[in-house]
Protein chains: 2
Amino acid sequence: MISSIAELISDRIGTMPAGERRAAQTLIANYPLIGLKTVAEFSTASGVSSPTILRFVARLGFQHYPEFQSALQDELAAQLQSPASRTLNPPSPNGGAVSPLLEATLDNLRETFKHLSDKQLADIAARLADRRGKTFLIGGRFTDPLACYMAAHLAIVQPNVFHLTGQESVWRDRLIDMGKRDVLVIFDIRRYQDSLVRFAETAHQRGVQIVLFTDQWLSPIARFARHVIAGRTAVPSAWDSSAALFVVAETLIGAVTRQLEADSAKRIRELESLR
Amino acid sequence: MISSIAELISDRIGTMPAGERRAAQTLIANYPLIGLKTVAEFSTASGVSSPTILRFVARLGFQHYPEFQSALQDELAAQLQSPASRTLNPPSPNGGAVSPLLEATLDNLRETFKHLSDKQLADIAARLADRRGKTFLIGGRFTDPLACYMAAHLAIVQPNVFHLTGQESVWRDRLIDMGKRDVLVIFDIRRYQDSLVRFAETAHQRGVQIVLFTDQWLSPIARFARHVIAGRTAVPSAWDSSAALFVVAETLIGAVTRQLEADSAKRIRELESLR
DNA sequence: CAAAATACGTAACATACGATACAGCGCTCG
DNA sequence: CGAGCGCTGTATCGTATGTTACGTATTTTG
């Protein structure tokens, strides 16, 4: 049963030629407002010609463009009349195969943040924003991209941010640059990597402050860490999910940026002018 | 301060003549959809003539009727973009500073998946699981870690997965290895990178199938993409959030793994023994 | 109560919008 | 490699839509 136009589109998008598919994609991306504008606006937004738009709506089964618009409006009207139906629809209305994973991820996010106090996040953010020391980031096999993501953002708002990458021997040698005022952010989830544990231990001995992102079973690095963020990772999939850790990372990035606002604004302007 | 047109109306409805007041009342009653229809429909619904409708919108301060409609659409767009404000949910029950970002992220996830059909995901997963061709992944400044994350997983369950990294000239030269049977996964959100667009264009010309992860405003690469995944990125932070795209990526990773289950299990055992 | 001013609708007009015919192009298949 | 098909954009056309002028009705004021 197809109830909404959005479903109708995603149902037939596979059978569409390239141009109409582009129209479909822009409509889905800006659903449904682009469809309420004129054919000309819709077409330029999609980067196709107006006849293609008309062929697109014809393929959806509408006789005229206005008829298509009316359908969209009716749908919108139904949505606006009962806002409750929108909020309370998590019981997977589409019942598809992806929903379980989405539901699990949403739960993971909520659970993760429930066990995470504002104060803890504020403390970590303050530590990361402290510009007297350097910040190093590193991750494991699957989590190093998270370290990379975080480093990319932090490096913009403050100096002395380093993502440790490449060969183990290379980043291990960087230990020599680390001291008491420095922060080491480590991402490590199962199966925990020995190399990272050893690295963390040595860093700890040198007085480096360690911020650990790990799963709920806690990497052995937690022994040495000053701050531990335990994210839920269980999802109905062959792999663990790092989504919760990802969102915590984004939260911290936001907090650090806000904290450095005054300085970072100036810094960002400087960076812009360097382009 | 008057922010919405509805407020503007209730502000001035007292100074309006009878006919225009009827127009105002029917608009409020069916807000805002009546205003998006034609003047004729609006007028018959209100029981007045079309010039009265036009005088009504003129009194609200709009030069033309289309201008009035655009304003309504913009308002609707703002509402639909941030479901948090629309739903009457208690503004962060625990009142923490992190909650807004978490709430926004949860909304983004839900919205993103709402516009994503199971079929579309299944199509993409099938394409990625097709082992007759190679799979290349690349991302922009902030999204390359996502490409990296996805590549790390996909490379385990199947051969011929390559994360394009390093210098632009290096990965651009890899175009020579790409053909019709290959898939190129690109992550690109604002501000879209020219280099990626050019890369996508040439790849497209060579017949490479492009799977694009982008934001709701669609990277120009959408022109060349076979499949487009539009994720919500808006959060109350200085940065855009890639969390929605991250979860979609995890979903696809899971789907591909399930699809290749039989083969990948053997492959994973082999990998284990190589350690 | 009368006269003027305001409000409203009918009807004619112009514009801009959707629809269509046609030609060029790329792609597929023999 | 060539012929055929299908997709796409340009240019044109008809029409629905917003707009305006004007006359009538209604209310307001002296």
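Above: the structure in question.
One structure accompanies this document, and this report is about it. Computed from a predicted structure; not experimentally measured.

Here we come to helix H1 (residues 5-12) of chain B. Residues and elements named next belong to chain B. Those residues of H1 not exposed but buried are Ile 5, Leu 8 and Ile 9. Here the buried residues of H1 occupy an arc of 100 degrees about the axis, which is enough to place them on one side. Exposed residues lying more than 90 degrees from the buried face of H1 are Ser 10 and Asp 11.

This next bit is on the sheet that holds strand E1 (residues 135-139) of chain B. All names here are of chain B. If you walk across this open sheet you meet the five strands as E2-E1-E3-E4-E5, and the pairing is parallel. Only two strands of the sheet have a single partner each, and these edge strands are strand E2 (161-163) and strand E5 (227-231). The sheet shows a mean angle of 15 degrees between the axes of neighbouring strands, direction not considered. Note that strand E4 (residues 209-215) and E5 share five bridges and pair parallel. Within E5, the residue paired with Thr 214 across the bridge is Ala 230. With respect to the sheet, helix H8 (residues 118-129) is in contact with E1, strand E3 (183-188), E4 and E5, its orientation differing from that of E5 by roughly 125 degrees.

Taken together, the 64 residues of chain B in the interface contact 64 residues of chain A. With both sides pooled, the region where chain B packs onto chain A buries about 6000 Å², and carbon together with sulfur makes up 62% of that total. Put simply, chain B and chain A have eleven residue pairs in polar contact (both at pLDDT 80 or more) between them. Counting only elements with at least two residues in the side of chain B that touches chain A, the list comes to helix H5 (65-81), helix H7 (99-114), H8, helix H9 (144-157), E5 and helix H12 (243-259) of chain B.

Residues and elements named next belong to chain B. Taking 1.5 Å per residue, 16 residues should reach 22 Å; H7 reaches 22 Å between its end C-alpha atoms and fits that length. Among the 16 residues that make up H7, twelve are buried, leaving the element largely enclosed by the rest of the structure. Considered for burial, the residues of H7 that qualify are Ser 99, Leu 101, Leu 102, Ala 104, Thr 105, Leu 106, Asp 107, Asn 108, Leu 109, Glu 111, Thr 112 and Phe 113.

Residue and element names in this part refer to chain A. The residue Phe 62 is located in the loop between helix H4 (50-59) and helix H5 (65-81) in this model. With relative accessibility at 12%, the residue Phe 62 sits in the buried group. Between the C-alpha atom of Phe 62 and that of Ser 3, which follows or precedes it by 59 residues, the distance is 15 Å. Ignoring any residue separated from it by four or fewer positions in sequence, one finds Phe 62 in contact with Ile 5, Val 57, Glu 67, Phe 68 and Ala 71.

Among the five residues that make up E5 of chain B, five are buried, leaving the element largely enclosed by the rest of the structure. Every second residue of E5 of chain B is oriented toward a common face, with His 227, Ile 229 and Gly 231 of chain B on one face and Val 228 and Ala 230 of chain B on the other, all of them buried.

With that out of the way, let us pick up the nonpolar core. In this structure, Met 150, Val 185, Phe 213 and Leu 252 of chain A together with Met 150, Val 185 and Phe 213 of chain B are the most contacted members of the largest nonpolar core, which totals 82 residues. Formed by 49 residues, the second largest nonpolar core is a distinct cluster that contains Leu 8, Tyr 31 and Val 48 of chain A together with Ile 9 of chain B.

Rules of the game
Residues numbered from 1 in each chain as written. Chains lettered and ligands numbered in written order. Predicted model: local features only at pLDDT ≥ 70, side-chain atom pairs only at ≥ 80, totals over all residues. Heavy atoms only, no water. Buried < 20%, exposed > 50% of the residue type's maximum accessible area, 1.4 Å probe, protein only. Helix = DSSP H or I, 4+ residues; strand = E, 2+ residues; numbered from the N terminus. Arc of directions from axis to C-beta. Pairing = 2+ DSSP bridges. Axes fitted to C-alpha atoms, helices over the stretch in contact; angles between N-to-C directions. Contact = heavy atoms within 4.5 Å. Buried area = accessible area lost by both parts, 1.4 Å probe. Polar contact = N/O pair within 3.5 Å; in protein donor to acceptor, adjacent residues only side chain to side chain. Expected span 1.5 Å × (residues − 1). Core = buried A, V, L, I, M, F, W, Y, C linked by side-chain atoms within 4.5 Å.

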